[in-house]
Amino acid sequence: MKLYLCSILILLVNHGSCDSSIHVGHRISLAVPLEYSDGFNGRAFLMDANQVEPNFRVALSAEAIKGKYSCSLEVFLGDVKVWNSGHYSKFYTSDVCVLELTEDGDLQLKGPKERVGWRTGTSGQGVERLQILRTGNLVLVDVLNQIKWQSFNFPTDVMLWGQRLDVATRLTSFPRNSTSFYTFEIQQNKIVLYLNSGKLKYSYWEFKPSKNRNITFIELGSKGLELFNDKHKKIAQIASWRIQPLRFLALGNKTGNLGLYFYSPNTEKFEASFQALNSTCDLPLACKPYGICTFSNACSCIRLLTKENDMNSDCNEGTSRQFCGGAQVEMLELNGVSSVLIDASKRANVSKTTCASLCLDDCKCVATLYSSGEGATNFQECSLYRLVAGIKQVERGTGLSYMVKVPKGTRDNHSKPSVKKWVLIVVGVVDGLIIILVLGGFAYYLIQKRRKNLSGTDNNT
């Protein structure tokens, strides 16, 4: 069941249609189903920015999430959610979801029995009304239109046109049904994308201004994402390369990719004019943990056999392995494989054997990436990982060797102590099937065409 009304069950409000502001003393209630209904998303649109489409709109929302109902205040640009009060900490309620701008100027979300689940903390600051600006900034202002609170100060996973983010600020995106999450962070000398898993944190994309210039803040302009120094001088830009002005930047919760988006009047949709990562296999979670992203953008799992169990292991079984506590382990090498994760602990000028030993001696280490100094690289380096993710197939001869930690006695299907041959089969099997299908389809087309030509010749005769 979905609700798309301007307002629902409005109490103590003198108007029942969408407006540009909500004044102190107003209270809006949204009914929540008594029984849990998976997929339910009740939404009451309260205000809009009075613009041409796509327009900014503010909504009170009750959404079904994992057996409970969350109550939140949201901002939309067209159909895209660009801000949510419950992005970092959800407020769960039952029976009713209430939005109230109290007489003393505090904006609150409440549940039954006046239980407060979220608030702006603006009591006693002279707040007069809540309104949505033409920039999409949701603000609380006083009688002199001075801003006392604004959503731009609490970024989620979207950055709007005209919005600024200072150094040490971040956008965060949470994939569904995953303990990992993505962050886009503004640091002093670069902007970075990170994969976070528990206390682990690995970067997978970054952009640095030239000449090691420092960043003070970034701002989304009409033609690109602009980086500024402490003198408010633009020092770098990620350009849009499209005529249409940009409307927002977003950190995708499914892929972790960073994109700049404009509105296309032709398709009446938002489209990306720039994406940080253009290949599926460059995404940090393109495959499950212990999965390999192949040249065909398909996933192959690292399934191994052990002496104790002749069953193939599950693709992500390795994530639950505990190598600390005296477990007998060994390193298995995967040739033609690398990782997109960058910020691993590194050791320079070491051998491959030493690299493997460093991981074996650290029970929290689960994989290594060794650079032999051949191919495109010109130095020996060992990267130590505590997470097996972001693995992708690469061309041979790059001088890279990926080694994964496994229980001792692990073997491939042919009972050999190395997984090299197995990896060649598994990584190439999907690509091989695709090639066979393509060639088979082409051969079928030629045969059918030849038969048709012969049939035409016979009829003419």
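Residues numbered from 1 in each chain as written. Predicted model: local features only at pLDDT ≥ 70, side-chain atom pairs only at ≥ 80, totals over all residues. Heavy atoms only, no water.

A. Structural context of the state of the cysteines. Under the counting rule described, the total for this entry stands at 6 disulfides. A sulfur-sulfur distance of 2.0 Å marks the disulfide that ties Cys355 to Cys382. Between Cys355 and Cys382, the S-S torsion sits near 75°, and that sign places the bridge as right-handed. Of the two residues, Cys355 sits in helix H1 (residues 352-360) while Cys382 sits in strand E34 (residues 380-385), which places them 27 residues apart along the sequence. (Disulfide = S-S within 2.5 Å. Helix = DSSP H or I, 4+ residues; strand = E, 2+ residues; numbered from the N terminus.)

B. Structural context of the sheet that holds strand E14 (residues 138-141). The strand order E3-E13-E14-E15 describes an open sheet built from 4 strands, whose pairing is antiparallel. Since the sheet does not close on itself, it has two edges, and those belong to strand E3 (21-23) and strand E15 (147-150), each with one partner. Within the sheet, the average angular offset between the axes of one strand and its neighbour, ignoring direction, is 20°. Relative to E15, E14 is paired through 3 bridges, and the arrangement is antiparallel. Within the sheet, the bridge partner assigned to Val141 lies in E15 and is Ile147. (Pairing = 2+ DSSP bridges. Axes fitted to C-alpha atoms, helices over the stretch in contact; angles between N-to-C directions.)

C. Local environment of the pairing of strand E22 (residues 217-220). By the alternation rule, side chains of E22 split into Phe217 and Glu219 and Ile218 and Leu220, which are all buried. Examined bridge by bridge, strand E17 (residues 164-166) and E22 share 3 bridges and lie antiparallel to one another. What sits directly across from Arg164, in E22, is Glu219. Here E22 pairs with strand E23 (residues 224-228) via 4 bridges, running antiparallel. By the bridge assignment, Leu220 is partnered in E23 with Leu225. If you look at the hairpin formed by E22 and E23, you'll find 3 residues sitting between the two strands. (Buried < 20%, exposed > 50% of the residue type's maximum accessible area, 1.4 Å probe, protein only.)

D. Structural context of the packing of aromatic side chains. Per the counting criterion, the structure on display carries 16 aromatic pairs. Geometrically, the ring pair formed by Tyr202 and Tyr385 is tilted, given 5.7 Å between the ring centres and 40° between the ring planes. Taken together, the residues span a long stretch of sequence, with Tyr202 in strand E21 (residues 200-207) and Tyr385 in strand E34 at a distance of 183 residues. In this pair, the class of Tyr202 matches that of Tyr385, namely buried. Aromatic side chains Phe248 and Tyr261 sit 5.1 Å apart centroid to centroid with 15° between the ring planes, which places their arrangement in the stacked category. (Phe/Tyr/Trp six-rings, centres within 6.5 Å; stacked < 30°, edge-to-face > 60°.)

E. Representation of the sheet that holds strand E32 (residues 345-348) within the structure. Taken in spatial order, the 5 strands make up an open sheet running E30-E36-E33-E34-E32, and their pairing is antiparallel. Each edge of the open sheet is held by one strand with a lone partner, namely strand E30 (329-335) and E32. Between one strand and the next, the sheet's axes are offset by a mean angle of 25°, whatever the strand orientation. Pairing of strand E33 (residues 367-372) with E34 involves 6 bridges; the strand directions are antiparallel. Within E34, the residue paired with Ser371 across the bridge is Glu381.

F. Structural view of the confidence of the model for the chain. Of the residues in the chain, 79% have a pLDDT of 70 or more, and the chain-wide mean is 85. Predicted confidence for residues 456-461 stays below pLDDT 50, and this span has 0 contacts to residues more than four positions away or in other chains. (pLDDT = per-residue confidence, 0-100. Contact = heavy atoms within 4.5 Å.)

G. A look at the side chain of Glu185. Examined against the element boundaries, Glu185 turns out to sit in strand E19 (residues 180-186). Side-chain polar atoms of Glu185 contact the side chain of Arg170, separated by 3.5 Å. Within the structure, the side chain of Glu185 is placed 3.0 Å from the side chain of Thr183, a separation counted as a polar contact. Glu185 has contacts with Thr169, Arg170, Lys190, Ile191, Val192, Tyr194 and Lys201, leaving out every residue within four places of it along the chain. (Polar contact = N/O pair within 3.5 Å; in protein donor to acceptor, adjacent residues only side chain to side chain.)

H. Just the nonpolar core, in detail. Judged by nonpolar contacts, the single largest core of 51 residues is most densely connected at Phe184, Ile191, Trp205, Ile218, Leu225 and Leu249. Beyond its immediate stretch of four places on either side in the chain, Leu249 contacts Asp157, Val158, Met159, Leu171, Phe184, Leu220, Leu225, Leu258, Gly259 and Leu260. By size, the runner-up hydrophobic cluster in this structure holds 41 residues, among which are Leu46, Phe56, Trp83 and Cys97. (Core = buried A, V, L, I, M, F, W, Y, C linked by side-chain atoms within 4.5 Å.)

I. Main features of H1. For H1, every residue scored as buried is listed here: Cys355, Ala356 and Cys359. Across the axial projection of H1, the buried residues extend over an arc of 95°, all falling on one side. For H1, the elements touching its buried residues are E30, E33, E34 and strand E36 (400-407). (Arc of directions from axis to C-beta.)

J. Up close: the pattern of salt bridges. The full count for this structure, using the stated rule, is 20 salt bridges. For the salt bridge of Glu74 with Lys81, the shortest nitrogen-to-oxygen distance reads 3.1 Å. Between Lys392 and Asp282 there is a salt bridge, and its shortest N-O distance comes to 2.7 Å. Taken as a pair, Lys392 in strand E35 (residues 391-393) and Asp282 in the loop between strand E27 (269-275) and strand E28 (291-293) lie far apart in primary sequence, 110 residues in all. (Salt bridge = Lys/Arg side-chain N within 4 Å of Asp/Glu carboxyl O.)

K. Local environment of unusual backbone geometry. Of the consecutive residues Glu53 and Pro54, the connecting peptide bond is found in the cis state with omega at 0°. Its location among the elements puts Pro54 in the loop between strand E5 (41-48) and strand E6 (56-65). Phi at Asn50 takes a positive value of approximately 55°, unusual for a residue other than glycine. Assignment of secondary structure puts Asn50 in the loop between E5 and E6. Take Asn50: its relative accessible area is 57%, and that puts it in the exposed class. You will see that His232, though not glycine, has its phi angle at about 65°, which is positive.

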